[in-house]
Amino acid sequence: MIQPLAYIHPQAKIADNVVIEPFVTIHKDVEIGEGTWIGSNSVIMDGARIGKNCRIFPGAVVSAPPQDLKYKGEQSTVTIGDNTTIRECVTLNRGTALDKNTTTIGSNCLLMAYVHVAHDCVIGDNVIVANAVQLAGHITVYDYAFIGGSSAVHQFVEIGAHSMISGGSLVRKDVPPYTKAGREPLSYVGINSVGLRRRGFSAATIAEIQEIYRIIFLKKYNVTKALDIIEAEFTPSVERDEIINFLQNSQRGIMKGFGNT
């Protein structure tokens, strides 16, 4: 299943049933899991750890050295989970010793064409990153998030689980879980109710999430006051606690509320 026009370093670890198309280049310190397909003209560089049944389309570059002047050539990795699709011309940079030493892409993800994921990013499972999104270093994207095409995300930003960011956004602040984000500057525009319904969240849970975010974004409270009210008025639940923990741990601050300037 390996085409003769591909170059594979003899020490690369290639599992069974991997398909490697012509003109692929695979470096020495690489591991590729069973059933993965590597499209023509892809380059898989040292430090790549690719799971099972992934699809890597032509022109992708996986595990290139970071575009970071602090990087001094130390060994580091890019880890990709199972069943993830990397489309044409995606670039994934490996981590740095000054942070996580790895860049991580979860399982069942879709990174569309021309996406860039910089060093030390962590992308969860079932994440969709649309065409030409640019992720700076040290970003965390939680499970089931969706980032619209041509968006640019500032370094150290966190994007919460089940959130949805509109195309063309400049993401300078953290985006809390379950929300939709749009406009400029990036602002709260509601909760991702359609996505939550598709993933089996009950109507009661969705309503509770909506009420929590009304307090955070629409009532003109500061975050500390909003969190005090939420903890006092809402029974503990997975969703309530995830929102509280996200806001309490936000380092860059969260996006603006609806209509705020």
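Per an unreviewed UniProt entry, the chain goes by the name Acyl-ACP--UDP-N-acetylglucosamine O-acyltransferase and belongs to Mucilaginibacter rubeus.

Next up on the list: the pattern of salt bridges. Per the stated rule, a full pass over the model turns up 8 salt bridges. One salt bridge connects Lys100 with Asp99, and the closest N-O pair in it is separated by 3.2 Å. Asp99 gets classed as partly exposed once you look at its relative accessible area, which sits at 32%. One salt bridge connects Arg172 with Glu184, and the closest N-O pair in it is separated by 3.2 Å. On the criterion of sequence distance, the pair formed by Arg172 in the loop between strand S25 (170-171) and strand S26 (179-182) and Glu184 in the loop between S26 and strand S27 (187-191) is long-range, its members being 12 residues apart. For Arg172, a relative accessible area of 38% corresponds to the partly exposed category. Connected via shared salt-bridge partners are Asp29, Glu31 and Arg49.

Feature annotation in UniProt assigns "domain: UDP N-acetylglucosamine O-acyltransferase C-terminal" (unreviewed entry) to the following positions: residues 174-255. Secondary structure over residues 174-255 splits into 55% helix and 11% strand, and the C-alpha atoms at its two ends are 6 Å apart.

So, about the environment of Glu34. Turning to its location among the elements, Glu34 is positioned in the loop between strand S5 (31-32) and strand S6 (37-38). Sequence separation between Glu34 and Pro185 is 151 residues, and the spatial gap between their C-alpha atoms is 44 Å. Dropping the residues within four chain positions of it, Glu34 is found in contact with Ala15, Asp16, Val18, Lys52 and Asn53.

About the criteria used
- Residues numbered from 1 in each chain as written.
- Predicted model: local features only at pLDDT ≥ 70, side-chain atom pairs only at ≥ 80, totals over all residues.
- Heavy atoms only, no water.
- Salt bridge = Lys/Arg side-chain N within 4 Å of Asp/Glu carboxyl O.
- Buried < 20%, exposed > 50% of the residue type's maximum accessible area, 1.4 Å probe, protein only.
- Helix = DSSP H or I, 4+ residues; strand = E, 2+ residues; numbered from the N terminus.
- UniProt positions renumbered as here; feature names shortened; annotations may be inferred.
- Contact = heavy atoms within 4.5 Å.

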